[in-house]
Amino acid sequence: MTTYVITIPGTFLEELTEDSRATLVARLRPADPQNTALGEAEELDILSVNENGTFNIRLEVEADNNHAAEAEAKRLAGAALHDAGLSEDRAPLGPAVITGIDGDF
């Protein structure tokens, strides 16, 4: 297994409430990239939101390959958004991107 840091961009199509943000971050917290050497060195936030409603979710996942890591990160992000009351129509996600790999090669 390899540890990946995955970044998933998206856009909030309506304003993110404080309650929704708190729920979203709480659901994402177990996959916080701050637990990785890359996340700590780069001071990665699990969720960053821009003034125009665009956002980035950064997650740490363990997987056997790049494709599986990206799929797991999208699954985790989608589930967290759903739990926060944000459907895919209200907060669409872009393609997942691997931004770090920590494993034995």
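For the structure itself, consult the block above.
Residues numbered from 1 in each chain as written. Predicted model: local features only at pLDDT ≥ 70, side-chain atom pairs only at ≥ 80, totals over all residues. Heavy atoms only, no water.

Asks: Is there a simple way to explain the overall build of the protein chain in this structure?
Replies: Counting its secondary structure elements, the protein chain contains 3 helices and 4 strands. Reading the helices (α) and strands (β) of the protein chain from amino to carboxyl end gives β-α-α-β-β-α-β. Out of the 105 residues belonging to the protein chain, those deemed buried represent 38%. Within the protein chain, residue pairs in contact and separated by at least 24 positions form 73% of the contacts whose partners lie at least 6 positions apart. With an accessible surface of roughly 6,100 Å², the protein chain has 46% of that area assigned to carbon and sulfur atoms. (Helix = DSSP H or I, 4+ residues; strand = E, 2+ residues; numbered from the N terminus. Buried < 20%, exposed > 50% of the residue type's maximum accessible area, 1.4 Å probe, protein only. Contact = heavy atoms within 4.5 Å. Areas by Shrake-Rupley, 256 points an atom, 1.4 Å probe, with all protein chains shown as cover.)

Asks: So what exactly am I meant to see when it comes to the sheet that holds strand β4 (residues 97-102) here?
Replies: Backbone-to-backbone hydrogen bonds join strands into a sheet, with any given pair of strands oriented parallel or antiparallel. Spatially, β2-β3-β1-β4 is the arrangement adopted by the 4 strands of the open sheet, whose pairing is antiparallel. Strand pairing shows two members of the sheet lacking a second neighbour, β2 (47-49) and β4, which therefore form its edges. Each strand axis lies, on average, 20 degrees off the axis of its neighbour in the sheet, ignoring direction. Across 3 bridges, the pairing between β2 and strand β3 (residues 54-63) is antiparallel. Counted as the bridge partner of Leu47 is Ile57 from β3. This element, helix α1 (residues 18-28), spans β2 and β3 of the sheet and lies at about 150 degrees to β2. Docked against the sheet, helix α3 (residues 66-83) engages β1 (2-11), β3 and β4, running at close to 125 degrees with respect to β3. (Pairing = 2+ DSSP bridges. Axes fitted to C-alpha atoms, helices over the stretch in contact; angles between N-to-C directions.)

Asks: What exactly am I supposed to notice about the nonpolar core here?
Replies: Among the nonpolar cores identified, the biggest contains 25 residues, and Ile6, Phe12, Leu24 and Leu59 are the most heavily contacted of them. Contributions of two or more residues to this core are made by β1, α1, β3 and α3. With sequence-adjacent residues up to four places away left out, Leu24 is seen in contact with Phe12, Leu47, Ala80, Leu81 and Ala84. (Core = buried A, V, L, I, M, F, W, Y, C linked by side-chain atoms within 4.5 Å.)

Asks: So what exactly am I meant to see when it comes to the pairing of β3 here?
Replies: On a regular strand, one side chain projects to one face of the sheet and the next to the other, so that they alternate. Pairing analysis gives 10 bridges linking β1 to β3, with the strands arranged antiparallel. Residue pairing in the sheet places Ile8 in a bridge with Ile57 of β3. Here β2 folds back onto β3 in antiparallel fashion, the turn holding 4 residues, of which Gly53 has a positive phi close to 95 degrees.

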